[in-house]
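# Chain and residue survey
Here are the chains, one letter per residue:
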Amino acid sequence: MASWLPLIVIVFAVVLVIGPVMWLKPSSRDRRLASLRQEAAASGFKVQMQALPASQGDGNAAVYFAPWRNPRRLQTGWGLELKRMEHDMHFDGVWDWYKGREAPEAASAPLKEMISRLPADATAIICTDGGLGIQWKERSGDPGMKAVSDALRDLRPVIEEAIREPQRNAPDATRSSD
């Protein structure tokens, strides 16, 4: 029995060292999410974690933002979020404005098209000074990433122009005064 004691102590010490290392090793899900987010960054998107809409419960989800090409004079600060149930008073089925703050009317058609192109795990469309973003739970993996990136790539420019405030007419400098 005395000859087994050193071996047991060595095995126990190895387990104490390897255990925490294995605990810190990322899971396959974590590696998949990191890969999706790296792909998004390489495509020019910014990824931020934000709280889910209240109707979706507690927790956070990634928001993939496409930056504006020309951020001047944009009417930002609005968002659409997924609601629990469909209603005629909502903007589009189960999608409605966050805190009642609506986008300009000219953006309605491209926003409805964007909604139709989103993956099933999308939860919000967010418009900030920094860009247009889509929040999704990333459960749909690569097909969801393709849907999000295609929607942002194709519709962000259209929405950007739809929410641009008209330029005020400058006084006519060519008029002569009488």
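The preceding data block contains the structure.
Residues numbered from 1 in each chain as written. Predicted model: local features only at pLDDT ≥ 70, side-chain atom pairs only at ≥ 80, totals over all residues. Heavy atoms only, no water.

## Quick look at the side chain of glutamate 160
Cut-off, in case you're wondering: Helix and strand labels come from DSSP, where a helix needs a run of H or I of at least four residues and a strand needs a run of E of at least two; each type is numbered from the N terminus. Note on classification: 1.4 Å probe, protein chains only; a residue is buried when its accessible area is under 20% of the maximum for its type, exposed when over 50%, partly exposed between these limits. Pairs of N or O atoms are called polar contacts if they sit within 3.5 Å, as long as, within protein, a hydrogen donor faces a hydrogen acceptor (for residues adjacent in sequence, only side-chain-to-side-chain pairs). Contact between two residues is taken to exist if any of their heavy atoms lie within 4.5 Å; hydrogens are not considered.
Mapped onto the elements, glutamate 160 comes out in helix H4 (residues 141-162). Taking the relative accessible area as the measure of exposure, glutamate 160 reaches 2% and is therefore buried. There is a polar contact of 3.2 Å between the side chain of glutamate 160 and the backbone nitrogen of arginine 69. In contact with glutamate 160, not counting residues within four places along its chain, are Trp68, Arg69, Asn70 and Leu74.

## Digging into the packing of aromatic side chains
This is how it is decided: Each pair of aromatic rings taken from Phe, Tyr and Trp, with Trp reduced to its six-membered ring, is defined by centres within 6.5 Å and is described as stacked if the planes are under 30 degrees apart, edge-to-face if over 60, and tilted in the remaining cases. A ring is considered to have a charge above it if a Lys NZ or an Arg CZ atom is located within 6 Å of its centre and within 35 degrees of its normal.
Applying the stated criterion to the full structure yields three aromatic pairs. Look at tyrosine 64 and tryptophan 136: their rings are 5.6 Å apart centre to centre, the planes differ by 50°, and that puts the pair in the tilted class. Note that tyrosine 64 is positioned in strand E2 (residues 60-67) and tryptophan 136 in strand E6 (residues 131-136), a separation of 72 residues in sequence. Judged by centre distance (4.8 Å) and plane angle (55°), the ring pair of phenylalanine 91 and tryptophan 97 falls under tilted. Taking the relative accessible area as the measure of exposure, phenylalanine 91 reaches 13% and is therefore buried. Here the aromatic cluster, defined as three or more aromatic residues joined through ring pairs, consists of Trp78, Phe91 and Trp97. Over the face of the ring belonging to phenylalanine 91 we find lysine 112, whose NZ or CZ atom lies 5.2 Å from the ring centre.

## Quick word on H4
Applicable threshold: Every helix has an expected span of 1.5 Å times one less than the residues it contains. Note on bend: at a given residue it equals the angle between the axes fitted to the 7 residues ending there and to the 7 starting there.
Under the 1.5 Å per step criterion, the end-to-end length of H4 is 30 Å for 22 residues, consistent within 8% with the ideal 32 Å. Along H4, the sharpest change in direction is near 45° and occurs at leucine 155; proline proline 157 comes one to four residues later.

## What to know about the pattern of salt bridges
Selection rule: What counts as a salt bridge is simple: a side-chain nitrogen of Lys or Arg found within 4 Å of a carboxyl oxygen of Asp or Glu.
One pass over the structure, following the stated rule, counts 10 salt bridges. Notably, a salt bridge pairs glutamate 113 with arginine 117, separated by 3.4 Å at the nearest N-O pair. Here the residue glutamate 113 and the residue arginine 117 both occupy positions in helix H3 (residues 108-117), the gap between them amounting to four residues, near one helical turn. Notably, a salt bridge pairs arginine 153 with aspartate 154, separated by 3.3 Å at the nearest N-O pair. Given the relative accessible area of 33%, aspartate 154 is considered partly exposed. Residues joined by salt bridges that share partners form a network here, namely Glu113, Arg117, Lys146, Asp150, Arg153 and Asp154.

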